[in-house]
Amino acid sequence: MSNIKTFKYNDKTQLSKNINISELRCKCSKHHETKYDVDHVNKVQDFMNTNGFDKIIISSGYRCPEHDKSKSVGGSGSGQHTKGTAMDCRFYKNGKVIPAKEVCCLAQDFGFKGIGYIDSNYVHLDSRTSGTYRGDERKGRSSNVKDFYTYFNMPKPTPTPTPTPTDSAYKTFVKGVQSTCGAKVDGIAGKETLSKTVTLSTKKNSKHKVVKVLQTYLISLGYSCGKCGADGIFGSGTKSAVKAYQKANGCVVDGVLDAKNKTWKKLLKLA
Ligand SMILES: [Zn+2]
Ligand SMILES: [Zn+2]
């Protein structure tokens, strides 16, 4: 899936918190339009939010086929950059650049389709629509890496165990879900409670009454919902919290609570 949009060369649209379209335009001298996949921008922004990165420097975004084939770039003229689905970049946290080895591993965990190690600071990230690519580009542009953790001899992160919620926080959560979703309110989660759960995401039911209940519970478990706290709005902070919870609990990491699905079951302790 991709969502390619065309922008004028001088367009200065801020596509996400940290990424402006002007940073993605082709670096040839022709000042032509920029074709770019805004879904890829959102994915990179999500990746930054999830990992607490606060700055990105992009050395290459869109490339016209001619520029891609030029000597200085040395591409094929038909790679991911020419499709507007790739970014060569480096990331920062509190003024410090994140080593590319680490970024490659985190990008792998995050589910990027294409990841390339360029040098100690820069990585290539793409959202190709078919296949996957993991490469050490110092050794050419073939997919020559199976697993970045093993390849770079980096320690695999041990999943942070979910802190055991206090009985009262859990009970408050169950009652809150039951009352806001229209189930029988008895503080005991079961099939009926699960059957009333609704899909929650940044796009769906983002202001549903149960959002605040969910946020309060996630925060009590140690998952930050961002600087607004439990504000009742399912925004990017809540999405990051849900993703972190999903990652620690063996669910699909997509930041979405599908109605009656696994993340809900885990939260309600029904799985
Ligand atoms: Zn160009
Ligand atoms: Zn690249």
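Worth saying up front: this structure is predicted, and the values here are computed from it rather than measured.

> Residue-level account of the overall build of the protein, with values.
When helices and strands are tallied, the protein shows 10 helices and eight strands. Dimensions of the protein, computed from the C-alpha atoms along their principal axes, are close to 70 × 40 × 35 Å. Within the span of the protein, comprising 271 residues, buried residues form 46% of the whole. A separation threshold of at least 6 residues defines the contact pool for the protein, and within that pool the share at least 24 residues apart is 54%. Carbon and sulfur atoms form 51% of the exposed surface of the protein, whose accessible area is close to 13900 Å². In the protein, which carries 45 positive and 23 negative side-chain charges, the distance between the mean positions of the two groups comes to 3 Å.

> How would you summarise the domain arrangement of the protein if you had to cite specific residues and measurements?
Split by domain assignment, the protein resolves into domain 1 (4-151) and domain 2 (167-267). Inter-centroid distance (C-alpha atoms) of domain 1 to domain 2 is 33 Å. On the domain 2 side, the residues contacting the five residues of domain 1 number five residues. Here domain 1 and domain 2 share an interface that buries about 370 Å² over both sides, 38% of which is from carbon and sulfur atoms. Three residues, D46, N49 and T50, lead the burial of domain 1 against domain 2; their summed loss comes to 70% of the area buried on that side. Scanning the region where domain 1 abuts domain 2 turns up two salt bridges. A salt bridge links K243 to D46, with the nearest nitrogen and oxygen atoms 3.6 Å apart. Counting across the domain 1 and domain 2 interface gives one residue pair in polar contact (both at pLDDT 80 or more). Within the residue set of the side of domain 1 that touches domain 2, elements represented by two or more residues are α1 (38-51) and α4 (100-110). At three residues, the largest contribution of residues to the side of domain 1 that touches domain 2 is made by α1.

> Give a description of the coordination of the zinc ion (ligand 1) that names residues and reports values.
Coordination sphere of the zinc ion (ligand 1), protein contribution only: C26 (SG), C28 (SG), H32 (NE2) and C64 (SG), at 2.1 to 2.3 Å. Angles of 104 to 118 degrees at the metal separate the four donor atoms of the zinc ion (ligand 1), which places the site in the tetrahedral class. As a motif over one chain, the donors of the zinc ion (ligand 1) read C-x1-C-x3-H-x31-C. Under the relative-accessibility criterion, C28 is labelled buried at 17%.

> Requested: an account of helix α9 (residues 236-248), with residues and values cited.
Here α9 is 13 residues long and its end C-alpha atoms lie 18 Å apart, about the 18 Å a rise of 1.5 Å per residue gives. Buried within α9 are the following residues: G237, T238, K239, S240, A241, V242, K243, Y245 and Q246. The inward-facing, buried residues of α9 abut α1, α4, α8 (209-220) and α10 (262-267). Just past α9, the residue G250 takes up positive phi, approximately 70 degrees.

> Explain the layout of surface pockets to me, and be specific about the residues and the numbers.
The volume enclosed by the second largest pocket comes to roughly 270 Å³. What lines the second largest pocket is a set of 15 residues, and nearest its centre among them are R63, H81, H124, E137 and R141. A breakdown of the residues in the lining of the second largest pocket according to their chemical character gives two nonpolar, seven polar and six charged.

> Explain the coordination of the zinc ion (ligand 2) residue by residue, including any values.
Around the zinc ion (ligand 2), the protein contributes the donor atoms H81 (NE2), D88 (OD) and H124 (ND1), at 2.0 to 2.1 Å from the metal centre. Considered as a linear motif, the donors of the zinc ion (ligand 2) on their single chain read H-x6-D-x35-H. Here D88, found in strand β4 (residues 86-93), pairs with H124, found in strand β7 (residues 123-126); they are 36 residues apart in sequence, far enough to count as distant. With relative accessibility at 8%, the residue D88 sits in the buried group.

> An account of the nonpolar core is needed here, citing residue identities and associated values.
In terms of nonpolar packing, the biggest core is built from 37 residues, with F47, I56, M87, F91 and L125 touching the most fellow members. Contributing elements (two or more residues each) for this core: α1, β3 (55-60), β4, α4, β6 (114-117), β7 and α5 (148-151). Of the residues forming this core, the biggest block, seven residues, is contributed by α4. Judged by nonpolar contacts, the second largest core, of 25 residues, contains A189, V213, A241 and V242.

> Before we move on, can you summarise unusual backbone geometry with the specific residues and values?
Even without being glycine, N153 reaches a positive phi, approximately 55 degrees. Position of N153 among the secondary structure elements: in the loop between α5 and α6 (167-181). A residue is classified by how much of its surface remains accessible, and N153, at 69% relative accessible area, is exposed. One non-glycine residue, N205, lies in positive phi territory at about 50 degrees. Positionally, N205 belongs in the loop between α7 (191-196) and α8. When its relative accessible area of 34% is taken as the criterion, N205 is described as partly exposed.

Reading guide: rules and limits
- Each chain carries its own residue numbering, running from 1 in the direction its sequence is written.
- Chains carry letters from A onward and ligands carry numbers from 1 onward, assigned in written order.
- Given that the model is predicted, a residue must reach a pLDDT of at least 70 before its local features are reported, and side-chain atom pairs must reach 80 or more before they are shown or counted; all residues, however, enter totals for whole chains, interfaces and linings.
- Hydrogens and water are ignored here; the side-chain numbers use all heavy atoms of the structure.
- Secondary structure elements are taken from DSSP: a helix is a run of H or I of four residues or more, a strand is a run of E of two residues or more, and numbering for both begins at the N terminus.
- The classification of residues rests on relative accessible area computed with a 1.4 Å probe and restricted to protein chains. Under 20% of the type maximum is buried, over 50% is exposed, and intermediate values are partly exposed.
- Residue contacts follow a heavy-atom distance rule, with two residues in contact if any of their heavy atoms lie within 4.5 Å.
- Shrake-Rupley sampling with a 1.4 Å probe provides the accessible areas, and residues are treated as covered by the protein chains on show and by no other component.
- His is not counted, nor are the chain ends; Lys and Arg add positive charge and Asp and Glu add negative charge.
- A charge is said to be at NZ when it belongs to Lys, at CZ for Arg, at CG for Asp and at CD for Glu.
- These domain limits were set by an automatic method or by a database of domain assignments.
- Note on definitions: buried area is the accessible-area loss of two parts on being combined, 1.4 Å probe, summed for both.
- Any Lys or Arg side-chain nitrogen located within 4 Å of an Asp or Glu carboxyl oxygen qualifies as a salt bridge.
- Polar contacts, as used here, are pairs of N or O atoms within 3.5 Å; protein pairs need one atom able to donate a hydrogen and one able to accept it. Residues neighboring in sequence count only if both atoms are side-chain atoms.
- Donors, by definition, are the N, O and S atoms found within 2.8 Å of a metal, the threshold being 3.2 Å for Na, K and Ca, and water is not counted, so a site can look incomplete.
- Metal sites are grouped by the angles between bound donors: all angles between 85 and 135 degrees with four donors is tetrahedral, opposite donors over 155 degrees apart with the others between 65 and 115 is square planar for four donors and octahedral for six, and any other pattern is irregular.
- To estimate how far a helix should reach, multiply one less than its number of residues by 1.5 Å.
- The pocket and cavity definitions rest on a 1 Å grid over protein atoms only: a 1.4 Å probe that fits but cannot leave marks a cavity, an open set with protein on both sides within 12 Å along at least five of seven lines marks a pocket, and residues lining either have an atom within 4 Å of a point.
- Grid points are joined across faces, edges and corners, and a volume is the space filled by probe spheres set on the points.
- Residue type decides the class: Asp, Glu, Lys and Arg count as charged, Ala, Val, Leu, Ile, Met, Phe, Trp, Tyr, Cys and Pro as nonpolar, and the leftover types, Gly among them, as polar.
- What we call a nonpolar core is a set of buried Ala, Val, Leu, Ile, Met, Phe, Trp, Tyr and Cys residues that are connected through their side-chain atoms within 4.5 Å.

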